[in-house]
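Coordinate inspection notes
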Amino acid sequence: MPTITILTGHDTIHAEAPEGTLLSSVLQAELPTFALPCAGNHTCGKCRVQVSGAALPPDAQELSLLSEKDRQAGVRLACSCRIAGDLTVTVQTGGKSKILAWNKTPAFARTETGYGLAVDIGTTTVAMQLFDRATGTVLAEQLAENRQRSHGADVISRIEACKTAGLDTLSRLIRDELEQMARACLDEAGLSAVDEAVVTGNSTMLYLYEGIDPSALAVVPFTMSTFFGGMSRHTLAGAPVYLPRCIGAYVGADIVCSILASDMVHQPGVQLMTDIGTNGEMALHKDGKLLCCATAAGPAFEGAGLSCGMPAAPGAIRTVALTDGKVSYTTVGDQPATGICGSGILDVLRVMLEQETIDDTGYLECEDEAGYTIGDSGVCITQKDVRQIQLAKSAICAGLVTLMQETGVDADTVTQFHIAGGFGSSINYDSAAAIGLFPEALTRKTNFIGNGALGGAAMLLMNRDLRAQSERMAAEATELSLSASQTFMDAYVDCMSFMAF
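Per chain, residues are indexed from 1 in the order of the written sequence. Totals for whole chains, interfaces and linings use all residues, but because this is a predicted model, local features are given only for residues with pLDDT of at least 70 and pairs of side-chain atoms are given and counted only at 80 or more. Calculated side-chain values reflect all of the structure's heavy atoms, with hydrogen atoms and water omitted.

1. Details of the overall build of the protein chain
A helix here means a DSSP run of H or I that spans at least four residues, while a strand means a run of E at least two residues long, and both kinds are numbered starting from the N terminus. Across its full length, the protein chain holds twelve helices and 22 strands. Only C-alpha atoms enter the radius of gyration; for comparison, a globular chain is expected to reach 2.2 Å times N to the power 0.38, where N is the number of residues. Scaling as 2.2 N^0.38, a compact globule of 501 residues should have a C-alpha radius of gyration of about 23 Å, and the protein chain matches this with 23 Å. Residue pairs in contact within the protein chain that sit at least 24 positions apart in sequence constitute 68% of those at least 6 positions apart. Areas reported here follow the Shrake-Rupley algorithm with a probe of radius 1.4 Å; residue values treat only the protein chains shown as occluding. Working note: accessible area of the protein chain is about 20,100 Å², and carbon and sulfur atoms make up 49% of it. For the purpose of charge, His is not counted, nor are the chain termini; Lys and Arg are scored as positive and Asp and Glu as negative. Think of each charge as sitting on NZ of Lys, CZ of Arg, CG of Asp or CD of Glu. Taking the 33 positively charged and 56 negatively charged side chains of the protein chain as two groups, their mean positions are separated by 3 Å. In what follows, residue pairs with any heavy atoms lying within 4.5 Å of each other are defined as contacts.

Written out as structure tokens, the structure is:
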């Protein structure tokens, strides 16, 4: 049986696999964090590795995603490369992406004592904090990429993976990861045990954590067998786990926790909130009523699916500016540019609009057939990249517009615009408004709360009374189904333009 030698830059792994096996299958088994953003559908070209040895030649589809330079360097796509004998594969692990744990919460009473873990399972990343519940002190923290990302970048890919890789596989991946993170937190804090944990996440992530079949979440009418809001059947570090209540199939417990952290339901006037990630989750509170929705933004704002897209890891272009006709940029860690992350994407599109390289329809007019190159970085934005961002930003903006129209308000009427999540931590709000990610009037009303999901989970960990309150709030909230909303459909078309609204 062929031997596969895997080089990661800091480790060497030896594995065996039958001839004809996809290289991605071996990497998924040996490197749980190896990413397949398109879930192995041979469309994103992101699972690039360097291969030497016996491998079947690339087919036409793989070749179309590789440049001549890639081919000469032995670059292959793991999801297409099949093993023909002994080979060596080099995986470029790079630096870790920026994962946000910081959060802002309102003052609240602490009713609990002992120690506890607050956890936010994001589709892309996982954040965990260990608390002294009596004082609210963070004793330890662990941040990691969600190991399920080897089965796709978004929740639909994960749900589909349950049919191929198996529900048990995806469930075990996240539970094992949380156990390892919890053990690291305990070791860091010098503790042997915790008293309780609160684990939040979107509806799909909680279904997978619990080991419940999520297939019904992906098809109309998006029914839920459970909304949670109670104790898990699993433990974490030997302690009982509370799972906050979800509002709907795509408005999960993470947005409920973010609503808690923003304190928006207790603030006067019209309160609007969004968490922009692979799912754009939103909520609007007016006159004591909470209206929520979610849009399928996809992973474009996190770099997945873009030709040079990447997470906010060292080397990612994070800002782009046009000064006196000259384009400048900065990168994460001040490292040489290797790609571009979400915040940089918004900036560069604003610059391209200012230079009239793209028009408001998103049409790219560039002398270079490869696309628009950012300064001297060598990082290129293609027409396909522009279209991917166009679809994502239109979904977010249309969701916000629909919430406002359904409640009879406009952007000028909104009192405060709360933004949660890692993407919101680094974006230039003026760039976001300039390309039409959200209405321009909201830029003057922003309140960034950081990882609101984690902050809300911490509140539930330290104040048991808030659990009943959050469950009641979630049960009474109204989920607006955008798939059946003509208002959303009309707004989606209108918001497609790259222009301020």
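This is not the end of the story, as more comes after the structure.
2. A short note on the packing of aromatic side chains
Whether two aromatic rings pair depends on their centres lying within 6.5 Å, for rings of Phe, Tyr and Trp, where Trp uses its six-membered ring; planes under 30 degrees apart make the pair stacked, over 60 edge-to-face, and the rest tilted. In total, this model carries six aromatic pairs according to the counting rule given. Here Trp-102 and Phe-448 contribute two aromatic rings whose centre-to-centre distance is 5.7 Å and whose plane-to-plane angle is 20°, an arrangement assigned as stacked. Residue Trp-102 is located in the loop between β5 (83-90) and β6 (115-121), and its partner Phe-448 is located in strand β21 (residues 446-450); the two are separated by 346 residues in the primary sequence. Here the term buried applies to any residue with accessible area under 20% of the maximum for its type, exposed to any over 50%, and partly exposed to those in between, with areas from a 1.4 Å probe on protein chains only. Residue classification places Phe-448 among the buried residues on the basis of a relative accessible area of 19%. On the basis of an interplanar angle of 70° and a centroid distance of 5.3 Å, the ring pair of Phe-417 and Phe-438 is categorised as edge-to-face. Here the residue Phe-417 occupies a position in strand β20 (residues 414-420), and Phe-438 occupies one in the loop between α9 (429-434) and β21, the gap between them amounting to 21 residues.

3. Structural notes on the pairing of strand β12 (residues 270-276)
Counting buried positions along β12 yields seven of seven residues, so the element is predominantly enclosed. Of the two faces of β12, both are covered, the one formed by Val-270, Leu-272, Thr-274 and Ile-276 as well as the one formed by Gln-271, Met-273 and Asp-275. As defined by bridge partners, β12 adjoins β20 across six bridges and the pair is classed as parallel. Bridge pairing in β20 links Val-270 to Val-414. Here a strand pair is declared whenever DSSP counts at least two bridges between the two strands. Relative to strand β13 (residues 280-286), β12 runs antiparallel, the two sharing six bridges. Paired with Ile-276 across the bridge in β13 is Gly-280. Here β12 folds back onto β13 in antiparallel fashion, the turn holding three residues.

4. Thoughts on the packing of helix α10 (residues 452-462) against helix α11 (residues 465-476)
Where α10 meets α11, the closest approach of the two axes is 6 Å, and the angle between their N-to-C directions is 130°. Relative to α11, the element α10 lies oblique. Here Met-459, Leu-460 and Leu-461 of α10 come into contact with α11, specifically with Leu-466, Arg-467 and Ser-470. Ten residues, namely Ala, Val, Leu, Ile, Met, Phe, Trp, Tyr, Cys and Pro, are considered nonpolar, four, namely Asp, Glu, Lys and Arg, are considered charged, and the remaining ones, Gly among them, are considered polar. Partitioning the contact of α10 with α11 into residue classes produces four nonpolar, one polar and one charged. Each axis is a line fitted through C-alpha atoms, and for a helix only the stretch in contact is used; angles between axes span 0 to 180 degrees, taken between their N-to-C directions. Throughout this description, any angle smaller than 35 degrees is read as roughly parallel, any larger than 145 degrees as roughly antiparallel, any in the 65 to 115 degree range as roughly perpendicular, and the remainder as oblique.

5. Describing the pairing of strand β9 (residues 196-201)
In terms of residue burial, β9 counts as a mostly covered element, since six of its six residues are buried. Of the pairings in the sheet, the one linking β6 to β9 comprises six bridges and is parallel in character. Pairing of Ala-118 across the sheet is with Val-198, part of β9. Pairing geometry for β9 and strand β11 (residues 239-243), over two bridges, is parallel. Bridge pairing links Val-198 to Tyr-242 in β11.

6. A short note on the pattern of salt bridges
Salt bridges are defined as contacts in which a side-chain nitrogen from Lys or Arg sits within 4 Å of a carboxyl oxygen from Asp or Glu. The full count for this structure, using the stated rule, is ten salt bridges. We note a salt bridge from Glu-112 to Arg-464, for which the minimum N-O separation is 3.1 Å. With a gap of 352 residues between them, Glu-112 in the loop between β5 and β6 and Arg-464 in the loop between α10 and α11 connect regions that are remote in the sequence. Residue Glu-112 is classed as buried on the basis of its relative accessible area, which comes to 13%. Given the relative accessible area of 37%, Arg-464 is considered partly exposed. Close ionic contact of Arg-444 with Asp-412 constitutes a salt bridge, the shortest N to O distance being 3.9 Å. Pair noted here: Arg-444 is in the loop between α9 and β21 and Asp-412 is in the loop between α8 (383-406) and β20, with a separation of 32 residues, a long-range link. Residue classification places Arg-444 among the exposed residues on the basis of a relative accessible area of 62%. One network of salt bridges, with partners in common, ties together Glu-112, Arg-133, Glu-196, Arg-464 and Arg-467.

7. Topic: the state of the cysteines
To count as a disulfide, a pair of cysteine sulfur atoms needs to be within 2.5 Å. Counted according to the given criterion, the structure contains zero disulfides. Sulfur of Cys-366: no disulfide; nearest cysteine sulfur belongs to Cys-380 and is 6.9 Å away. Look at Cys-366 and you get partly exposed, because its relative accessible area is 31%. Take Cys-495: it sits in no disulfide, and the sulfur closest to it among the cysteines is that of Cys-397, at 3.5 Å. Judged by its relative accessible area of 3%, Cys-495 falls in the buried class.

These results come straight from atomic positions and should not be treated as a statement about function.
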